[in-house]
Amino acid sequence: MSLHTLGYVGFNATDLDDWRLYATGVLGMQAVDQTADALRLRMDGKHHRFAIHKSATPGFAYSGWDVGTRAELERLTAELTALGYPAAEGTEAERAFRRVVDLRVFTDPGGNRVELFYGQLSGCPFTPARQFGGFKTGELGLGHVVFMTRSVEAMMAFYAVIGLKMSDYIFIKPVQSMAYFMHLNARHHSLALLGGPQDVFHHIMIEANSLDDVGMANELALRQGRTVTMSLGKHTNDEVVSFYTMTPSGFELEYGCGGRTIDDQESWQVVEYDDISFWGHLGPLRPPV
Ligand code: MBD
Ligand code: FE
């Protein structure tokens, strides 16, 4: 299996101070630095995993995929270019801000900015803002991103080039649409696609090492007055116990623990589930009544 991982993400927001309060006070992240333009947040020994950019239009900005080496960056760039997805070179300012050796910038079929990179600065001391047992990252990457899209087939073909393979499907009855879960390392899914009427970012998931930290984050979210969009629950496919809150960027963040891994790609069976959760996760995808 490839060692490609979801390495960093960028989001837009009108209020960086609110994002810092949320990330440090609820999620357990460390604020690395904040300027008038951007807030960078650390989750582990990587320089930062989240960058929040000041913008009048809040929402998703980019996903950054660590492809390991310059040779792999060149190979994937050639393959995507041949498929009709031309690359832009990352600028010197982008390399410096992201603390990577090099990056290429693409646009996926849904119109989302995608960055492939290698050489993210690591070995940085992680000092969370509160007592916290850390995030599950490393060879699993930082978590998963989920897009709603009108172009499921084209999106799957694009991300397949980067190495994403099908894990399983869930037909989500309340919204009458299929969700596709894909992996590119042992994390059950680093990307999911939800068929739907528009191309829009749905949620990002990050994984704590312990259930206590998920329970604590749930309490702190409520104490901070954050909107819990899906209650605590356990997913069927990846077995993650999680809850969802609305971020200051206007999309949801799933905060979980206990995800199963795909350790043997050869023997993995792709199956379809008929519900997203064994229990809980009451909200739009699992209506309480
Ligand atoms: C997930 O991570 C998820 O967000 C949903 C909706 C279903 C299964 C796993
Ligand atoms: Fe999720």
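Worth saying up front: this structure is predicted, and the values here are computed from it rather than measured. (Residues numbered from 1 in each chain as written. Chains lettered and ligands numbered in written order. Predicted model: local features only at pLDDT ≥ 70, side-chain atom pairs only at ≥ 80, totals over all residues. Heavy atoms only, no water.)

Trainee: A description of the site of ligand 1 should follow, citing residues and the corresponding values.
Mentor: Neighbouring ligand 1 are the residues His-144, Ile-170, Phe-181, His-189, His-203, His-235, Asn-237, Asp-238, Tyr-244, Glu-254, Ile-276 and Leu-285. The separation between an oxygen atom of ligand 1 and a polar side-chain atom of His-203 is 3.0 Å. Within the side chain of Glu-254, one N or O atom sits 3.2 Å away from an oxygen atom of ligand 1. Across the complex, the protein chains shield 96% of the 260 Å² of accessible surface that ligand 1 would expose by itself. Grouping the constituent residues of the shell around ligand 1 by class yields five nonpolar, five polar and two charged. (Near = heavy atom within 4 Å. Polar contact = N/O pair within 3.5 Å; in protein donor to acceptor, adjacent residues only side chain to side chain. Areas by Shrake-Rupley, 256 points an atom, 1.4 Å probe, with all protein chains shown as cover. Nonpolar A, V, L, I, M, F, W, Y, C, P; charged D, E, K, R; others polar.)

Trainee: Please set out the coordination of the iron ion (ligand 2) residue by residue, giving values where relevant.
Mentor: Around a metal, the ideal angle is 109.5 degrees if four donors adopt a tetrahedral arrangement and 90 or 180 degrees if six donors adopt an octahedral arrangement. Taken together, His-144 (NE2), His-203 (NE2) and Glu-254 (OE) make up the protein donors of the iron ion (ligand 2), found 2.0 to 2.2 Å from the metal. Mapped onto the polypeptide sequence, the residues donating to the iron ion (ligand 2) form the spacing pattern H-x58-H-x50-E. Of this pair, His-144 sits in strand β9 (residues 144–149) while Glu-254 is found in strand β16 (residues 252–257), placing the two residues 110 residues apart along the sequence. Overall, the relative accessible area of 1% leaves Glu-254 in the buried class. (Donors = N, O, S within 2.8 Å, 3.2 Å for Na, K, Ca; no water. Helix = DSSP H or I, 4+ residues; strand = E, 2+ residues; numbered from the N terminus. Buried < 20%, exposed > 50% of the residue type's maximum accessible area, 1.4 Å probe, protein only.)

Trainee: Summarise the domain arrangement of the chain; cite the residues concerned and give the values.
Mentor: Assigned domains of the chain: these are domain 1 (5–118) and domain 2 (138–280). Computed over C-alpha atoms only, the centres of domain 1 and domain 2 are separated by 19 Å. Contacts between the two partners involve 37 residues from domain 1 and, on the opposite side, 38 residues from domain 2. Both faces combined, the contact of domain 1 with domain 2 buries some 3000 Å², and carbon together with sulfur accounts for 72% of it. The largest share of the area that domain 1 buries against domain 2 comes from Tyr-22, Val-26 and Trp-65, three residues that together contribute 21% of it. Viewed at the interface, domain 2 and domain 1 are joined by one salt bridge. One salt bridge connects Asp-18 with Arg-226, and the closest N-O pair in it is separated by 2.9 Å. The interface formed by domain 1 and domain 2 holds nine residue pairs in polar contact (both at pLDDT 80 or more) in total. Counting only elements with at least two residues in the side of domain 1 that touches domain 2, the list comes to β1 (5–13), α1 (16–27), β5 (59–66), α2 (70–82), β7 (102–107) and β8 (113–118). Looking at the side of domain 1 that touches domain 2 element by element, the count peaks at eight residues for β1. Partitioning the side of domain 1 that touches domain 2 into residue classes produces 24 nonpolar, eight polar and five charged. (Domains from an automatic or database assignment. Contact = heavy atoms within 4.5 Å. Buried area = accessible area lost by both parts, 1.4 Å probe. Salt bridge = Lys/Arg side-chain N within 4 Å of Asp/Glu carboxyl O.)

Trainee: Run through the sheet that holds β1, naming residues and quoting values.
Mentor: Read from one edge to the other, the open sheet built from eight strands follows the order β2-β3-β4-β1-β5-β8-β7-β6, with strand pairing classed as mixed. Two strands close off the open sheet at either side, each with one partner strand: β2 (30–34) and β6 (88–89). Where β5 lies against β8, four bridges are found, and the strand directions are parallel. Across the sheet, Asp-66 pairs through a bridge with Phe-117, a residue of β8. α1 rests against β1, β2, β3 (38–42) and β4 (50–54) of the sheet, and its axis sits at about 10° to β3. Sitting on the sheet, α2 is in contact with β7 and β8, with an inclination near 20° to β7. (Pairing = 2+ DSSP bridges. Axes fitted to C-alpha atoms, helices over the stretch in contact; angles between N-to-C directions.)

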